[in-house]
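Chains, contacts and geometry: an overview
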Protein chains: 2
Amino acid sequence: MVHLTIRVDFDGKEGFGPGKARLLELVAVKGSIRRAAAAMEMSYRQAWLLLAAVERTFGAPVITTATGGTKGGGAKLTELGEAVLARYRRMERNALQANATEISAFAKGAGQDLSRKSAPKRTRRRLSPGAGS
Amino acid sequence: MVHLTIRVDFDGKEGFGPGKARLLELVAVKGSIRRAAAAMEMSYRQAWLLLAAVERTFGAPVITTATGGTKGGGAKLTELGEAVLARYRRMERNALQANATEISAFAKGAGQDLSRKSAPKRTRRRLSPGAGS
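Summary of the structure given here. (Residues numbered from 1 in each chain as written. Chains lettered and ligands numbered in written order. Predicted model: local features only at pLDDT ≥ 70, side-chain atom pairs only at ≥ 80, totals over all residues. Heavy atoms only, no water.)

Here's the deal with unusual backbone geometry
Residues and elements named next belong to chain A. Although it is not a glycine, Glu41 adopts a positive phi angle of roughly 55 degrees. Tracing the backbone shows Glu41 in the loop between helix H2 (33-39) and helix H3 (44-58). Residue Glu41 is classed as exposed on the basis of its relative accessible area of 78%. (Helix = DSSP H or I, 4+ residues; strand = E, 2+ residues; numbered from the N terminus. Buried < 20%, exposed > 50% of the residue type's maximum accessible area, 1.4 Å probe, protein only.)

Structure follows, in structure tokens:
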């Protein structure tokens, strides 16, 4: 498989890319910052700092935490958090669709066969015409 | 300004993103790995390792070095190197074009005003409807 990821950078603010998107997604799915952090193999503090950065970028909270405190209670995305995530995924899909042909040629050049499961026949060191067109 | 960058990841190989693209570009412009590395504030070794990684990904050299040795002589992109870079930039442009509307809304949500130079009127903490649509 070939994956295309996007990253958006704003003037004077932190960017938004696959890591923050995945974190928001995991908070939504797991209902907890701690469990989302664990799923990404990062510390609670690291996850919290990332979410705070997203909040700074978009100017309002992207998650809400239930009673029980930030650590104990559950967490879910705010409307803004959901909108940011949805927009990011849409942009990612658009980028992929707009590059269907290019990505396939890029992957071929990198020795990735998209059409079948078997290993490509060409040897690894041969200059691949796929990337040279 | 809002920037969109892309990254392509291949199964079992290292990915290709803005850093490697910039490095290839700088080698082409400066005609030297050392000067390209300096322009990116990385060590010669670091640049060399990145270029070796790109070579592994695409299965053939992406730069050639002139007589005088890897360190002393000049360097330029091979045909493959040029093709990889050109394709990457094309994919980046396609991704941007496909997301013109989305990016503008995303940027608005992040308090970035694309239409004029003056500072946006809304305050920083206010929940921005721009990102919520």
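Okay, back to it.
Some points on helix H1 (residues 18-30) of chain B
All names here are of chain B. The first and last C-alpha atoms of H1 sit 18 Å apart over 13 residues, in line with the 18 Å expected at 1.5 Å per residue. Every buried residue belonging to H1 is among Lys20, Ala21, Leu23, Leu24, Leu26 and Val27, and all of these are buried. Taken together, the buried residues of H1 touch helix H2 (33-39), helix H3 (44-58), strand E2 (63-65), strand E3 (75-77) and helix H5 (79-98). Looking one or two residues past H1, Gly31 carries a phi angle of roughly 65 degrees, positive in sign. (Expected span 1.5 Å × (residues − 1). Contact = heavy atoms within 4.5 Å.)

Quick look at the relation of the copies chain B and chain A
When chain B is brought onto chain A, the operation consists of a screw motion whose angular component is 180 degrees and whose axial shift is 0.0 Å, with 0.0 Å RMSD remaining. On this basis, the relationship between the two copies can be described by a two-fold rotation axis. A share of 100% of interface residues in chain B that are also interface residues in chain A marks the association as one of identical surfaces. (Least-squares fit on C-alpha atoms with pLDDT ≥ 70 in both.)

So, the environment of Leu4 of chain A
Residues and elements named next belong to chain A. In this fold, Leu4 is placed in strand E1 (residues 2-10). With relative accessibility at 7%, the residue Leu4 sits in the buried group. For the pair Leu4 and Ile103, spaced 99 residues apart in sequence, the C-alpha separation works out to 8.3 Å.

Overview of the packing of aromatic side chains
Considering all chains together, one arrives at twelve aromatic pairs over all chains under this definition. With a centroid separation of 5.2 Å and an interplanar angle of 65 degrees, the aromatic rings of Phe58 of chain A and Phe106 of chain B are classed as edge-to-face. With Phe58 of chain A in helix H3 and Phe106 of chain B in helix H6 (residues 100-109), this residue pair bridges two chains. As far as burial versus exposure is concerned, Phe58 of chain A and Phe106 of chain B are alike and both buried. Between the NZ or CZ atom of Arg34 of chain A and the centre of the ring of Tyr44 of chain A, over which it lies, the distance is 4.7 Å. (Phe/Tyr/Trp six-rings, centres within 6.5 Å; stacked < 30°, edge-to-face > 60°. Lys NZ or Arg CZ within 6 Å of the ring centre and 35° of its normal.)

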